[in-house]
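Residue-level listing of the chains:
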Amino acid sequence: MVAQDHAMFKYHPLCKQIQLSHLCFADYLLLFCKGDENSIRIMMTSYTLFSHASGLRMNPSKSHIYYNGVAADVGHRLETLSGMVKGSVPFKYLGV
């Protein structure tokens, strides 16, 4: 099951209308969802299934989670659920 098919999954507010959940570029994967624990958990479960099927894995030292407008304790839980630390915007893509 893909994340978007799960009843508890919520799109990021700016992605809901076009139902955008991810973008793939060369060796980059951007995942988008609402900043709530259920959506992050579902997104990471979908990522794990993708990872097992494809053999592709994230590099924890190069992977970040981006969120805004959530309480600090919620942000820390999102980081724990995703296994990533909070990144800052703007971020670099292919060194740019």
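The structure we're discussing is the one just above.
Calculation rules
- Residues numbered from 1 in each chain as written.
- Predicted model: local features only at pLDDT ≥ 70, side-chain atom pairs only at ≥ 80, totals over all residues.
- Heavy atoms only, no water.
- Helix = DSSP H or I, 4+ residues; strand = E, 2+ residues; numbered from the N terminus.
- Contact = heavy atoms within 4.5 Å.
- Buried < 20%, exposed > 50% of the residue type's maximum accessible area, 1.4 Å probe, protein only.
- Salt bridge = Lys/Arg side-chain N within 4 Å of Asp/Glu carboxyl O.
- Phe/Tyr/Trp six-rings, centres within 6.5 Å; stacked < 30°, edge-to-face > 60°.

Re the environment of A3
- Note that A3 resides in the segment before β1 (22-25).
- It is 8.7 Å that separates the C-alpha atoms of A3 and M44, two residues lying 41 residues apart in sequence.
- Those residues in contact with A3 that sit more than four places away from it in its chain are F9, I42, M43 and S46.

Focus on unusual backbone geometry
- In this model, V89 is joined to P90 through a cis peptide bond whose omega is 0 degrees.
- With respect to the helices and strands, P90 occurs in the segment after β4 (85-86).
- Positive phi is not limited to glycine here, since Q19 has a value of about 55 degrees.
- Among the structural elements, Q19 can be located in the segment before β1.
- Taking relative accessible area as the criterion, Q19 reaches 53% and is therefore assigned exposed.

Quick word on the pattern of salt bridges
- Going through the model one piece at a time under the given rule, you end up with three salt bridges.
- Across the salt bridge formed by E37 and R41, the nearest N and O atoms sit 4.0 Å from each other. With E37 and R41 both in helix α1 (residues 37-54) and four residues apart, this pair spans about one turn of that helix.
- One salt bridge connects D73 with R77, and the closest N-O pair in it is separated by 3.4 Å. Here R77 and D73 lie together in helix α2 (residues 72-82), a separation of four residues that amounts to about one turn.
- Judged by its relative accessible area of 45%, D73 falls in the partly exposed class.

Section: the environment of K16
- Topologically, K16 is positioned in the segment before β1.
- Spatially, the C-alpha atom of K16 lies 9.8 Å from that of F32, the residues being 16 residues apart in sequence.

Some words on the side chain of S51
- With respect to the helices, strands and loops of the structure, S51 is situated in helix α1.
- Ignoring anything within four residues of it in the chain, the contact list for S51 reads L56 and R57.

Concerning the packing of aromatic side chains
- Summed over the entire model, instances satisfying the criterion amount to two aromatic pairs.
- Taken together, a centroid distance of 5.3 Å and an interplanar angle of 80 degrees make the contact between F9 and Y11 edge-to-face. Assigned by exposure class, F9 and Y11 land together as buried.
- On the numbers, 6.4 Å between centres and 45 degrees between planes, the contact of Y47 with F50 is tilted.

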